[in-house]
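Coordinate inspection notes
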Amino acid sequence: MNRKVLLAVTALMLGSTAHASAEDLVIGFTMAKTGPFVSLASNNEIAVDMAVDEINAAGGINGNKIKVVKFDSAGDPKQSVLAVQQFAQDNNALAVVGPFSSGEARVAFAAGERLGIVSMSMSSSAPGIAAPFKYAFRNTVDEGVVIGTVLKSLVARKLPASSAAIAYATDDAVSKSVGTAVLPGLFTEAKIPLKGSVDFQYKAFDLSPQVSQPAQMKADVIGFGAPPEAMINLAKEMKRQGVTGRLIAGTTVADPDLPARFGDAGEGTLIGTTFYDDLNDATRKFVKDFGERATKAGSSRKVPNQSDASSYDIVYMYAEAMKKGKVTGAPAKVAEERTAIRDQLRAQKDLPTVEGKITFGENGDSVKPIYVIEARGGRWNLFDAGGAK
């Protein structure tokens, strides 16, 4: 769907007000503007503010405006719990955008469940984190599904895949899960012999000892689990040591600037993502508007990544749930209106967004397109959209 048409439809839906009200519809936003995820998360705020401005300019929701209250957790799980508590108890928030990471989501979702407030992560992708909770959602796809799609595309194209190795960070929840559970299972399922694994601290600068191990393994495919900075260091050290295996990864490294930061060390790297910036007119318009805001904000990164697109879409999903749930923002109704938002999200089917059509599964994770992209010539190029629906 053309994004201009989408916004017009949204304006029609959200602007058809039954009555005017002075109540704000408060949404909490747990950011990771500082801390270990800053390279991926720093511009989520731009995306959230952009969505809120668009919705409010279109008339808001049933005559009410969205108001965002923000808390920088710095990627710290303890701070993410404090954020949920503050939003729910002090700000009368109706829902929460965030937190960013799987480590944060594990504890923030539990806090949100106790308080009866919906939280929706824009990036957490370790398997099964939202499943135990009724008020927890993730506008993300399980890393097993994402990397599985990458591996299937690689095999279908008949690229070298006679053996595999794994490299992963131990000090990040999703990276460790990818390295110890997701990748071994996927390689077994694909009948690709696993020669071995190597683990490391993602903040480590010198990865030469770790890379020496896959250098000896001479694997065709090297599955990776860690944040982008670690992957850059690993790829450069692999090139220095003559490792020729193709790196594959999931959403933990879905940074639009990563191919340029790799230099020629990461050529051929394949990853899965739920947002591809050059897919159609809608994504290109989103990229343009985002870039203008990023420039005004003085951000060094002008192109949105998948967590930016996810954050933007979360606001629109909340807006649609509030509209359908007839949410008013009245303090006396906050508990029941939080539950109404939850129920509308559970019932959501194929909502059009900049990422594609989104539905929520029973486990609280979104069901949406997966795009396989390849690092070539300093940018991501679409390798396979076979996982897109």
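Residues numbered from 1 in each chain as written. Predicted model: local features only at pLDDT ≥ 70, side-chain atom pairs only at ≥ 80, totals over all residues. Heavy atoms only, no water.

1. Quick word on helix 4 (residues 77–90)
Look at helix 4: 19 Å from first C-alpha to last across 14 residues, which is about the 20 Å you get at 1.5 Å a residue. Residues Ser80, Val81, Ala83, Val84, Phe87 and Ala88 constitute the buried set of helix 4. Taken end-on, helix 4 shows its buried residues confined to a sector of 155°, consistent with a single buried face. Those residues of helix 4 that are exposed and angled more than 90 degrees off the buried face are Lys78, Gln89 and Asp90. In this structure, the buried side of helix 4 is in contact with strand 1 (25–31), strand 2 (66–72), strand 3 (95–97), helix 5 (102–115), strand 4 (118–121) and helix 13 (334–347). Phi turns positive one or two residues past the end of helix 4, at Asn92, with a value near 55°. (Helix = DSSP H or I, 4+ residues; strand = E, 2+ residues; numbered from the N terminus. Expected span 1.5 Å × (residues − 1). Buried < 20%, exposed > 50% of the residue type's maximum accessible area, 1.4 Å probe, protein only. Arc of directions from axis to C-beta. Contact = heavy atoms within 4.5 Å.)

2. Quick notes on the pattern of salt bridges
Counted according to the given criterion, the structure contains 22 salt bridges. We note a salt bridge from Asp255 to Arg261, for which the minimum N-O separation is 2.9 Å. The partner of Lys333 in a salt bridge is Glu337, with the nearest N and O atoms 3.9 Å apart. What you see here is one network of salt bridges that share partners, running through Lys33, Glu45, Asp49 and Lys70. (Salt bridge = Lys/Arg side-chain N within 4 Å of Asp/Glu carboxyl O.)

3. Considering the sheet that holds strand 11 (residues 351–352)
Strands in a sheet are paired, the pairing made by backbone hydrogen bonds, and the direction either parallel or antiparallel. A sheet is described by the order of its strands in space; here three strands give the open sequence 11-12-13, paired in antiparallel fashion. One side of each edge strand has no neighbouring strand; the edge strands of this open sheet are strand 11 and strand 13 (366–367). (Pairing = 2+ DSSP bridges.)

4. Side note on the sheet that holds strand 6 (residues 164–169)
One open sheet holds the seven strands; their spatial order is 7-6-8-9-10-14-15, and the pairing between them is mixed. Single-partner strands in this sheet number two, and they are strand 7 (194–200) and strand 15 (379–384). Put simply, the sheet's adjacent strands are angled 25° from each other on average, direction ignored. Of the strand pairs in this sheet, strand 14 (residues 371–376) and strand 15 are connected by five bridges, and their pairing is antiparallel. The residue of strand 15 that forms the bridge with Arg376 is Arg379. Relative to the sheet, helix 7 (residues 173–189) contacts strand 6, strand 7, strand 8 (221–225) and strand 9 (246–249), its axis offset from that of strand 6 by approximately 165°. (Axes fitted to C-alpha atoms, helices over the stretch in contact; angles between N-to-C directions.)

5. Here's the deal with the nonpolar core
By size, the foremost hydrophobic cluster in this structure holds 50 residues, and its most contacted members are Ile66, Val97, Tyr318 and Leu345. For this core, the element with the highest residue contribution is helix 12 (residues 306–324), accounting for ten residues. Not counting the four nearest positions on each side in its chain, Tyr318 is found in contact with Ile27, Ala95, Val96, Val97, Val118, Ser119, Met120, Ile341 and Leu345. (Core = buried A, V, L, I, M, F, W, Y, C linked by side-chain atoms within 4.5 Å.)

6. Considering the environment of Arg346
Among the structural elements, Arg346 can be located in helix 13. A C-alpha to C-alpha distance of 20 Å links Arg346 and Ala309, two positions 37 residues apart in sequence. Setting aside its immediate chain neighbours within four residues, Arg346 contacts Phe133, Lys134, Tyr135, Ala136, Phe137, Gly361, Glu362 and Gly364.

7. As for the side chain of Glu374
Topologically, Glu374 is positioned in strand 14. Polar side-chain contacts of Glu374 include one of 3.3 Å to the side chain of Arg246. (Polar contact = N/O pair within 3.5 Å; in protein donor to acceptor, adjacent residues only side chain to side chain.)

8. Considerations on the confidence of the model for the protein
Per-residue confidence for the protein gives a mean pLDDT of 90; residues scoring 70 or more make up 93%. Counted against residues more than four places away or in other chains, residues 1–21, with its pLDDT under 50, gives 45 contacts. (pLDDT = per-residue confidence, 0-100.)

9. A word on unusual backbone geometry
Residues apart from glycine generally show negative phi values, whereas peptide bonds are mostly found in trans. Here the residue pair Gly98 and Pro99 is connected by a cis peptide bond, since its omega of 5° sits within 30 degrees of zero. If you trace the backbone, Pro99 turns up in the loop between strand 3 and helix 5. In this model, Asn92 sits at a positive phi of 55°, which is unusual for a non-glycine residue. Mapped onto the elements, Asn92 comes out in the loop between helix 4 and strand 3. Residue Asn92 is classed as partly exposed on the basis of its relative accessible area of 34%.

10. Here's the deal with the pairing of strand 6
Burial within strand 6 is extensive, with six of its six residues counted as buried. Pairing of strand 6 with strand 8 involves five bridges; the strand directions are parallel. Bridge pairing in strand 8 links Tyr168 to Gly225. Where strand 6 and strand 7 come together, six bridges link them in parallel fashion.

11. Digging into the packing of helix 3 (residues 44–57) against helix 11 (residues 281–296)
Running from N to C, helix 3 and helix 11 cross one another at 110°; their axes reach a closest spacing of 10 Å. As the angle between them shows, helix 3 and helix 11 are arranged roughly perpendicular. The handedness of the crossing between helix 3 and helix 11 comes out as right-handed. Residue-level contacts link Ile46, Ala47, Asp49, Met50 and Asp53 of helix 3 to Phe286, Asp289, Phe290, Arg293 and Ala294 of helix 11. Looking at the contact of helix 3 with helix 11, its residues break down into six nonpolar, no polar and four charged. (Parallel < 35°, antiparallel > 145°, perpendicular 65-115°, else oblique. Left-handed = near helix turned anticlockwise from the far one by under 90°. Nonpolar A, V, L, I, M, F, W, Y, C, P; charged D, E, K, R; others polar.)

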